[in-house]
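This is what each chain is made of:
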Amino acid sequence: MTLPQLSIIIPTHNRPELLPLAVQSALSQTIQNLEVIVVNDGSEQFPDLPADPRLRVIHLQSSQGGAGARNVGTKAAQGRWVTYLDDDDTLLPYMAEKSLEAIANASGPYPVAVISGIEVVTSEGKVSRQRIPPERCPKGGNFFLEPQQPGRSYLTKQTLVVEREVILGIGGWDQSFRSRVHSELFLRLNPACTIVGIPDMTYRLRRHIGPRVSSNSGLRQESFQRLVQKHGRAFKAHPQAFAQFLLRHAKVSWELSQHWAAIEAVTWAITLSPADISKRLISRFVRQSIRRLRHLRFMTRSKNAASL
């Protein structure tokens, strides 16, 4: 029996309308030597899926969360390499081929994993922006806490292709996290593994009106505190990057109407890197003020034109 080269693991929970699209994108890869493992994380509704010998479905009686479902899929995987696909996203057809090719051509230090580009798409399928990963994060680093390469984004973690044994060797996904599971994993992965980034777009992240764990305000705050506590040493070793991380957390918290949490995060960021953060906040305020003035000028001109 020939074992698959790659296992694509799809955790799912109550997304019967989106899951078939994710599964079809995984089965439609340009390489055939793969398996697709769907882990049904206690869904109340589950759709019909294609009858394909490369597809396996594991049904969990009760929900274990995204991290728990990923661990179940990882342990069941038969491929040397694994990747993970969210049930509301899709893979572009050459994702597996491009990623495995990059791994084959990569230099050490070993082990080596690969991440690639992400297209963020609207619910209508229109690409709104692209994210390109950093070129290289050497083994022993701390991924998104390291200096950021211009024009590159650490928000490409969903595209990870890595050896199954490496994931198991670092303890798998931390099931105590219900949000920020990728950030937590990569803070353990990069110290043990070189991460190579390729510019090819391979993954489509879908923005839709349905619920996402990343937009759950309660889970975000709980997991943020847990992340900082668990990886406190890494955050303290990178104060400027930590300050930027706090600013991003503050922005999302404010958008989710968690104003006090946002204020606390900004205050913390200023204490870590006062000159840099203050400069950025002032610059952001000036940009926002200019946009408001331009909008006001446009509205005034439109009103005057209408009155003529």
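S.K.: Hey, could you run me through the packing of aromatic side chains in this one?
M.R.: Aromatic ring pairs are defined here through the distance separating the ring centres and the angle between the ring planes. Under the defined criterion, the tally for this structure stands at nine aromatic pairs. Taking the centre distance of 5.6 Å and the plane angle of 25° together, the rings of Phe144 and Phe245 count as stacked. Within this pair, whereas Phe144 is found in the loop between strand E8 (136-137) and strand E9 (161-163), its partner Phe245 is found in helix H8 (residues 239-255), the two being separated by 101 residues in sequence. The pair Phe144 / Phe245 is uniform in exposure class, with both members buried. Each ring, one from Phe224 and one from Phe245, has its centre 6.0 Å from the other, and the planes form 20°; the classification is stacked. Remark: Phe245 occurs in helix H8 and Phe224 occurs in helix H6 (residues 217-230); sequence separation between them is 21 residues. Per residue, the accessibility class of Phe224 equals that of Phe245, and both read buried. Ring-pair connections join several aromatic residues into one group, and the members of that group are Phe144, Phe224, Phe235, Phe242, Phe245 and Trp268. Directly above the ring of Trp173 sits Arg70, whose terminal nitrogen or CZ lies 4.9 Å from the centroid. In this structure, Arg226 packs its charged tip against the face of Phe177, placed 5.9 Å from the ring centre.

S.K.: I'm lost on the side chain of Thr159 in this one. Help?
M.R.: Residue position: Thr159 is located in the loop between E8 and E9. The buried category is assigned to Thr159, whose relative accessible area is 0%. The contact partners of Thr159, leaving out residues within four places of it in the chain, are Thr83, Met95, Val114, Ile115, Ser116, Gly117, Ile118, Thr202 and Tyr203.

S.K.: Is there a simple way to explain the pattern of salt bridges in this structure?
M.R.: Close approach of charged atoms allows side chains of opposite charge to pair. Counted according to the given criterion, the structure contains 15 salt bridges. Where Lys230 meets Asp174, a salt bridge forms, and the shortest distance between an N and an O atom there is 2.6 Å. One end of the pair, Lys230, is in helix H6; the other, Asp174, is in the loop between helix H4 (164-169) and helix H5 (181-192), and 56 residues separate them in sequence. Taken together, the salt bridges that share partners define one network made up of Asp174, Glu184, Arg188 and Lys230.

Calculation rules
- Residues numbered from 1 in each chain as written.
- Predicted model: local features only at pLDDT ≥ 70, side-chain atom pairs only at ≥ 80, totals over all residues.
- Heavy atoms only, no water.
- Phe/Tyr/Trp six-rings, centres within 6.5 Å; stacked < 30°, edge-to-face > 60°.
- Helix = DSSP H or I, 4+ residues; strand = E, 2+ residues; numbered from the N terminus.
- Buried < 20%, exposed > 50% of the residue type's maximum accessible area, 1.4 Å probe, protein only.
- Lys NZ or Arg CZ within 6 Å of the ring centre and 35° of its normal.
- Contact = heavy atoms within 4.5 Å.
- Salt bridge = Lys/Arg side-chain N within 4 Å of Asp/Glu carboxyl O.

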